[in-house]
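Letter by letter, the chains look like this.
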Amino acid sequence: MKHTAFAAISAIALTAAGVAVAEPQAEVLHWWTSGGEAKSVAVLQKEFADNGGTWTDMPVAGGGGDAAMTALRARVLSGNAPTAVQLKGPAIQEWYEEGVLADISSVAEAEGWADVLPEQIAEHMKCEGAWCAAPVNVHRVDWIWANKDVLEANGIEMPTTWDEFNAAAEKLQAAGIIPLAHGGQAWQDATVFETVVLGLGGPEFFQQALVDLDPEALTSDTMVAVFDQMRTLRGYVDDNFSGRDWNLATAMVMNGEAAFQIMGDWAKGEFLAAGKVPGEDFLCGSTPGEGFLYNVDSFAMFDVKGDDKKAGQDLLAELIVGPSFQEVFNLNKGSIPVRTDVALDKFDDCAHLSSEDMTASAEGGALLPSYAHGMALRGAQAGAITDVVTAHFNSDMSSADAVQMLADGVANSM
Ligand code: BGC
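What counts as what
For every chain, the first residue of the written sequence is number 1, and numbering continues from 1 onward in sequence order. With the structure being a predicted model, the display of local features is reserved for residues of pLDDT at least 70 and the display and counting of side-chain atom pairs for 80 or more, all residues being used for whole-chain, interface and lining totals. Side-chain measures were taken over the full set of non-hydrogen atoms in the model, leaving aside hydrogen atoms and water. By definition here, a salt bridge exists when the distance from a side-chain nitrogen of Lys or Arg to a carboxyl oxygen of Asp or Glu is within 4 Å. Accessibility here uses a 1.4 Å probe with only protein chains present; expressed as a share of the type maximum, an area under 20% marks a residue as buried, one over 50% as exposed, and anything in between as partly exposed. Strands are runs of DSSP state E lasting at least 2 residues, helices are runs of H or I lasting at least 4, and numbering of each runs from the N terminus. Should any heavy atoms of two residues lie within 4.5 Å, those residues are considered in contact. Side-chain atoms alone can form a polar contact between residues adjacent in sequence; in general such a contact is a pair of N or O atoms within 3.5 Å, and within protein one must be able to donate a hydrogen while the other accepts it. Any residue with a heavy atom lying within 4 Å of a molecule or strand is counted as near it. Each accessible area is a Shrake-Rupley result for a 1.4 Å probe, and residues are judged covered by the shown protein chains and nothing else. As a rule, the C-alpha atoms of each element are fitted with a line to give its axis, helices using only the stretch in contact, and angles between N-to-C directions run from 0 to 180 degrees. Orientation is classified from the angle alone, with under 35 degrees giving roughly parallel, over 145 giving roughly antiparallel, 65 to 115 giving roughly perpendicular, and any other angle giving oblique. Each crossing is labelled by how the near helix is turned from the far one, with a counterclockwise turn of less than a right angle marking it left-handed and a clockwise turn marking it right-handed. Residues are sorted three ways: Asp, Glu, Lys and Arg are charged, Ala, Val, Leu, Ile, Met, Phe, Trp, Tyr, Cys and Pro are nonpolar, and all the rest, Gly among them, are polar. Every helix has an expected span of 1.5 Å times one less than the residues it contains. Relevant arc is that of directions from the helix axis to the C-beta atoms, nothing else. Either an automatic procedure or a domain database provided the assignment from which the domain bounds are taken. Buried area, as used here, totals the accessible surface that two parts lose on assembly, with accessibility defined by a 1.4 Å probe and the loss added over both.

Student: I'd like a description of the pattern of salt bridges, backed by residues and values.
Tutor: Scanning all chains against the criterion turns up eleven salt bridges. With its nearest N and O atoms 3.9 Å apart, the salt bridge here joins Lys126 to Glu123. Note on Lys126: relative accessible area 24%, which makes it partly exposed. Since its relative accessible area comes to 47%, Glu123 is described here as partly exposed. For the salt bridge of Arg140 with Asp142, the shortest nitrogen-to-oxygen distance reads 3.2 Å.

Pasting the structure below:
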């Protein structure tokens, strides 16, 4: 099958030195277990096998990856790190600082990653100047998904402001339809929250509040308004929302039980895996407001012993950023390719919208890292914010108390 330049060169070098060529091996830790996710990761497994690799799967269920990260910590602490791990954002640098990540610069350089990746995204993949992770995709977080028939039957257009969203939700509720499909898990609350921060505050406010952690922004009237809107949204979810997995919430929109879901475009992967067609069965729109919240999946290679494992890491890194994987994987996953040179001809309108908005947002300084998906902050700070968001969503805490708790929690996490 396809042997790329890098694999060929390293194989020749090894044979010339009289050493047997190592068979690439990889134990891969990831949290892609829903229908759409499993279909996507199967693409990587197949490419890896087609190129002579042996894949040992280590899936850890749990949307957003919290459970996977707990499993990773346990493995590293016991001195038995997996070969490759789905890891992203500042967590990559945090692990690098622990001295447990492999340097994959030789692959990155041989494959010319610097020429095909947007600079802002490439930066996330570097640790003290070395390449330490391979990017898979660009997921957009600030999306609303809707059941087309339900909207039409109730005379509702895709909302473009939060007021419109609220008005639509009231109308749907009166008609006996659950307005918002939501799963009450901390990371899902955080996902909705950050889209409201972006929508009501705008890109500059998002940067100040959730990237720079500016205490003034955290306690501002705008943040009070954000928590007010979260309280309003709480009124639009059904009674059984607690603990529900995100893909089950997506299924509620698919089957017309609910009208909307606010979720990143891995939800599109779910619709597609169920045979649903964008524009016909379901609609996508960015959440109200300007800007683009990006969530880039990536894999980091852990420092492991054995030529077979190292060969596996090199092969995986090379395939992940390779153009064919980038196209096929992202068609399934709901995201768009991270490479700038992959044509989007086979992609749907939602992906085109994502790509256009990403370019426009980058030009306007509104391309922002998702805090809820670990792209903006280190674990402790992100955790401090999510604790407050969840506590507020699941109680009758006032917005004024929430902003105070937010500022205090963030200050204590520094
Ligand atoms: C990941 C996606 C994944 C989603 C749900 C996000 O944090 O970036 O790849 O599909 O969580 O598990």
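Student: Got a sec to walk through the environment of Glu194? Specific residues and values, please.
Tutor: Mapped onto the elements of the fold, Glu194 is located in helix H10 (residues 186–201). Accessibility expressed as a relative area gives 0% for Glu194, which makes it buried. Residues Glu194 and Val389, 195 residues apart in the sequence, show an inter-C-alpha distance of 9.8 Å. For Glu194, the contacting residues outside a window of four places in its chain are Val141, Phe206, Leu210, Leu293, Ser370, Tyr371, Ala372 and His373. Within polar-contact distance, the side chain of Glu194 engages the backbone nitrogen of Ala372 at 3.2 Å.

Student: Report on the site of the ligand, specifying residues and quantitative values.
Tutor: Taken together, 14 residues form the shell around the ligand, and within it Glu37, Lys88, Asp297, Lys333 and His373 come nearest. At 2.7 Å from an oxygen atom of the ligand is found a side-chain nitrogen or oxygen belonging to Lys333. Between an oxygen atom of the ligand and a side-chain N or O atom of His373, the distance comes to 2.8 Å. Isolated, the ligand exposes 310 Å² of accessible area, and the fraction of that covered by the protein chains is 100%.

Student: So what about the side chain of Glu270? Which residues, and what values?
Tutor: For Glu270, the position within the fold is in helix H15 (residues 266–273). With near-sequence residues (within four places) excluded, Glu270 lies in contact with Ser34, Gly35, Gly36, Glu37, Trp246, Asn247, Thr250 and Met254.

Student: Lay out the packing of H10 against helix H11 (residues 203–211) with the relevant residues and their values.
Tutor: Taken N-terminus to C-terminus, the directions of H10 and H11 make an angle of 130°; their axes are 6 Å apart at the nearest point. Classed by the angle they form, the pair H10 and H11 counts as oblique. As H10 packs across H11, the resulting crossing turns out to be right-handed. In this structure, H10 uses Phe193, Glu194, Val197, Leu198 and Gly201 to contact H11, whose residues at the interface are Pro203, Phe205, Phe206 and Leu210. Of the residues in the contact of H10 with H11, the class split is seven nonpolar, one polar and one charged.

Student: How would you summarise helix H20 (residues 399–413) if you had to cite specific residues and measurements?
Tutor: Under the 1.5 Å per step criterion, the end-to-end length of H20 is 21 Å for 15 residues, consistent within 8% with the ideal 21 Å. If you check which residues of H20 are buried, you get Ser399, Ala402, Val403, Leu406, Ala407, Val410 and Ser413. Taken end-on, H20 shows its buried residues confined to a sector of 140°, consistent with a single buried face. Seen from the buried face of H20, the exposed residues on the opposite side, beyond 90 degrees, are Ala411 and Asn412. Contact partners of the buried residues in H20: helix H12 (215–218), helix H13 (221–234) and helix H19 (379–393).

Student: How would you sum up the domain arrangement of the protein? Please name residues and give values.
Tutor: Here the protein is described as being made up of domain 1 (2–138 + 296–347) and domain 2 (140–294 + 350–413). The centre of domain 1, based on its C-alpha atoms, is set 29 Å off from the matching centre of domain 2. Counting from both sides, the interface comprises 28 residues of domain 1 and, opposite them, 26 residues of domain 2. The junction of domain 1 with domain 2 conceals about 2,200 Å² of combined surface from both sides, 57% of it contributed by carbon and sulfur atoms. Where domain 1 meets domain 2, there are one salt bridge. The salt bridge involving Glu97 is made with Arg378; its shortest N-O contact spans 3.0 Å. Our enumeration of links across domain 1 and domain 2 arrives at twelve residue pairs in polar contact (both at pLDDT 80 or more). Looking at the side of domain 1 that touches domain 2, its residues break down into nine nonpolar, twelve polar and seven charged.

Student: Which residues make up the packing of helix H2 (residues 35–50) against H15, and what values go with them?
Tutor: Each packed pair of helices is defined by two parameters, the angle between the axes and the distance between the axes. The interhelical angle for the contact between H2 and H15, taken along N-to-C directions, is 90°, at an axis separation of 7 Å. Classified by the angle between their axes, H2 and H15 sit roughly perpendicular to one another. Side by side, H2 and H15 meet where Gly35, Gly36, Glu37 and Lys39 of the first sit next to Gly269, Glu270 and Ala273 of the second. Residue composition of the contact of H2 with H15, grouped by class: one nonpolar, three polar and three charged.

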